Amino acid sequence: MATQMVNEFIERGQCDIVGELTTPLPAKMILMMLGFDESKYLQWVHWVHSMVHDRTHDQEKAGAAVMEMFGEIHKNMAERRESGDFGDDVFGRILGGQIDGVPLDDSQILMYTVLMMLGGMDTTSGLTGNVLFELAERPELRQQLIDDPEQIKNATDEFLRHCTPTLGMARTVSRDVEFYGSQLHAGDRAVLMFAAANRDPAVFEDPDSIRLDRENSKKQMAFGVGIHRCLGSHLARVMFQEMLSEVLDRLPDYRLDGTPKRFEDAGEVWAMRKLPIAFTPGPRIDLGGEQ
């Protein structure tokens, strides 16, 4: 998928790498896994981005997007049930899922599906866009990875630590407790700042630097911790590594070409909306049968 997407713009010598690679690849991958129509990925991306990024400054727009997204999921639920065949994809497994022998209700099915969309259409692209921006600003690091592509796997935790798109997430306090001198009460809301933990100088020496050989990068909390740790963390790693490898292999001299644009309000997610780059044009790769 990454090779095919880069084929579409490599001859031009310029592109918006977020709009043409880091957003469509995870989005199409998640839709394929769910058994949904991949060709509609832009509509799903619009709904997810509005839900996450617009709600603090345009609640009406975000609310409309949420309702449209929920409606589309309910439509797919109804069609599968009417056909009598849930299918063997992830959405089919969710539809037929049970907890302790009790079938999932519609609200659970809906939210599990929304969770898949959120992970696939916002944060994975956010990480990759953040890293591509940092490597454009740090050519010496980029060259290290070009010279030794095997470093990408080992460096993924360091990139997750430094460039995490998930800044934090709210939780509800379950019981009264004193936490490091602060009294918390059942029902209170607490925000866990994963990004702050990832820059904790007591854990990471010189935390604002990217060190590909940092030995304790695996302590990063970009995917959360405990029972709520990201369900798709391993898949996200693979997608990130594939996209980064493809860019460094085929667009090694890419540079910023215009003004990068982040989402207007980061909310919990800090990510690029647009990342225009230029590079030396290259050849398409024959994938066998590709039109």
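Anything mentioned here points back to the structure above.
To start, this report covers the structure provided alongside it. The model shown is predicted, which means the values in this text are computed figures rather than measured ones.

Calculation notes
- Residues numbered from 1 in each chain as written.
- Predicted model: local features only at pLDDT ≥ 70, side-chain atom pairs only at ≥ 80, totals over all residues.
- Heavy atoms only, no water.
- Helix = DSSP H or I, 4+ residues; strand = E, 2+ residues; numbered from the N terminus.
- Buried < 20%, exposed > 50% of the residue type's maximum accessible area, 1.4 Å probe, protein only.
- Contact = heavy atoms within 4.5 Å.
- Areas by Shrake-Rupley, 256 points an atom, 1.4 Å probe, with all protein chains shown as cover.
- Lys, Arg positive; Asp, Glu negative; His and termini not counted.
- Charge placed at Lys NZ, Arg CZ, Asp CG, Glu CD.
- Phe/Tyr/Trp six-rings, centres within 6.5 Å; stacked < 30°, edge-to-face > 60°.
- Lys NZ or Arg CZ within 6 Å of the ring centre and 35° of its normal.
- Pairing = 2+ DSSP bridges.
- 1 Å grid on protein atoms, 1.4 Å probe; cavity = no way out; pocket = protein on both sides within 12 Å on 5 of 7 lines; lining within 4 Å.
- Points joined across faces, edges and corners; volume = space filled by probe spheres on them.
- Nonpolar A, V, L, I, M, F, W, Y, C, P; charged D, E, K, R; others polar.
- Arc of directions from axis to C-beta.
- Disulfide = S-S within 2.5 Å.
- Salt bridge = Lys/Arg side-chain N within 4 Å of Asp/Glu carboxyl O.

**Some details on the overall build of the protein**
Part 1 of the argument: On a plain count of helices and strands, the protein comes out with eleven helices and eleven strands.
Part 2 of the argument: Its C-alpha atoms give the protein principal-axis dimensions of roughly 55 × 55 × 35 Å.
Part 3 of the argument: The buried share among the 291 residues of the protein stands at 44%.
Part 4 of the argument: When contacts within the protein are restricted to residue pairs at least 6 apart in sequence, long-range pairs at least 24 apart make up 65% of them.
Part 5 of the argument: Carbon and sulfur atoms form 52% of the exposed surface of the protein, whose accessible area is close to 15300 Å².
Part 6 of the argument: Where the 30 positive side-chain charges of the protein centre and where its 47 negative ones centre are 1 Å apart.

**Some words on the packing of aromatic side chains**
Part 1 of the argument: In this structure the tally under the stated criterion is six aromatic pairs.
Part 2 of the argument: Judged by centre distance (5.6 Å) and plane angle (35°), the rings of Phe36 and Trp44 are tilted. When sorted by exposure, Phe36 lands in the same class as Trp44, which is buried.
Part 3 of the argument: An aromatic cluster is defined as three or more aromatic residues linked by ring pairs; in this entry it consists of Phe36, Trp44, Trp47 and Phe91.
Part 4 of the argument: The positively charged end of Arg161 is found above the aromatic ring belonging to Phe204, 5.2 Å away from the centroid.
Part 5 of the argument: Lying over the aromatic face of Phe133, Arg262 brings its terminal NZ or CZ to 5.9 Å of the ring centre.

**Re the sheet that holds strand 8 (residues 255-256)**
Part 1 of the argument: Spatial ordering of the open sheet is given by 1-11-8, a layout of three strands whose pairing is antiparallel. Each end of this open sheet is capped by a strand with a single partner; those strands are strand 1 (14-16) and strand 8.
Part 2 of the argument: Two strands pair when backbone bridges link them, and strand 1 and strand 11 (residues 276-278) are joined in this way by three bridges, in the antiparallel orientation. Bridging from a neighbouring strand, Cys15 pairs with Ile277 of strand 11.

**Describing the layout of surface pockets**
Part 1 of the argument: Size it by volume and the largest pocket reaches roughly 1200 Å³.
Part 2 of the argument: Forming the boundary of the largest pocket are 40 residues, of which Leu115, Leu118, Gly119, Met169 and Cys230 lie nearest the centre.
Part 3 of the argument: Counting residues per element, the lining of the largest pocket draws most heavily on helix 7 (residues 106-137), which supplies twelve residues.
Part 4 of the argument: For the lining of the largest pocket, the per-class residue count stands at 25 nonpolar, nine polar and six charged.

**Quick notes on helix 8 (residues 139-147)**
Part 1 of the argument: Of the positions making up helix 8, those classed as buried are Leu141, Arg142 and Leu145. Summarising the axial view, the buried residues of helix 8 lie within an arc of 100°, below the 170-degree limit, and thus occupy one face.
Part 2 of the argument: Where helix 8 is buried, its residues contact helix 7, helix 9 (151-163) and helix 11 (233-250).

**Here's the deal with the state of the cysteines**
Part 1 of the argument: This structure, assessed with the given rule, holds zero disulfides.
Part 2 of the argument: Looking at Cys15, it has no disulfide partner, and the nearest cysteine sulfur is the one in Cys163, 19 Å off.
Part 3 of the argument: Assessed through its relative accessible area of 3%, Cys15 is described here as buried.
Part 4 of the argument: Cysteine Cys230 shares no disulfide, and the gap to the nearest cysteine sulfur, in Cys163, comes to 17 Å.
Part 5 of the argument: For Cys230, a relative accessible area of 33% corresponds to the partly exposed category.

**Details of the environment of Gln14**
Part 1 of the argument: Summarising the element assignment, Gln14 is placed in strand 1.
Part 2 of the argument: Gln14 sits 242 residues away from Leu256 along the chain, and the two C-alpha atoms are 9.6 Å apart.
Part 3 of the argument: With sequence-adjacent residues up to four places away left out, Gln14 is seen in contact with Phe9, Asp257, Ile277, Ala278 and Phe279.

**Side note on the pattern of salt bridges**
Part 1 of the argument: In this structure the tally under the stated criterion is 17 salt bridges.
Part 2 of the argument: Arg211 serves as the salt-bridge partner of Glu205, at 3.9 Å between the closest nitrogen and oxygen.
Part 3 of the argument: The exposed category is assigned to Glu205, whose relative accessible area is 56%.
Part 4 of the argument: A salt bridge links Arg211 to Asp206; the nearest nitrogen and oxygen atoms lie 3.5 Å apart.
Part 5 of the argument: The exposure class assigned to Arg211 is partly exposed, which follows from its relative accessible area of 29%.

In short, geometric facts, not functional conclusions.
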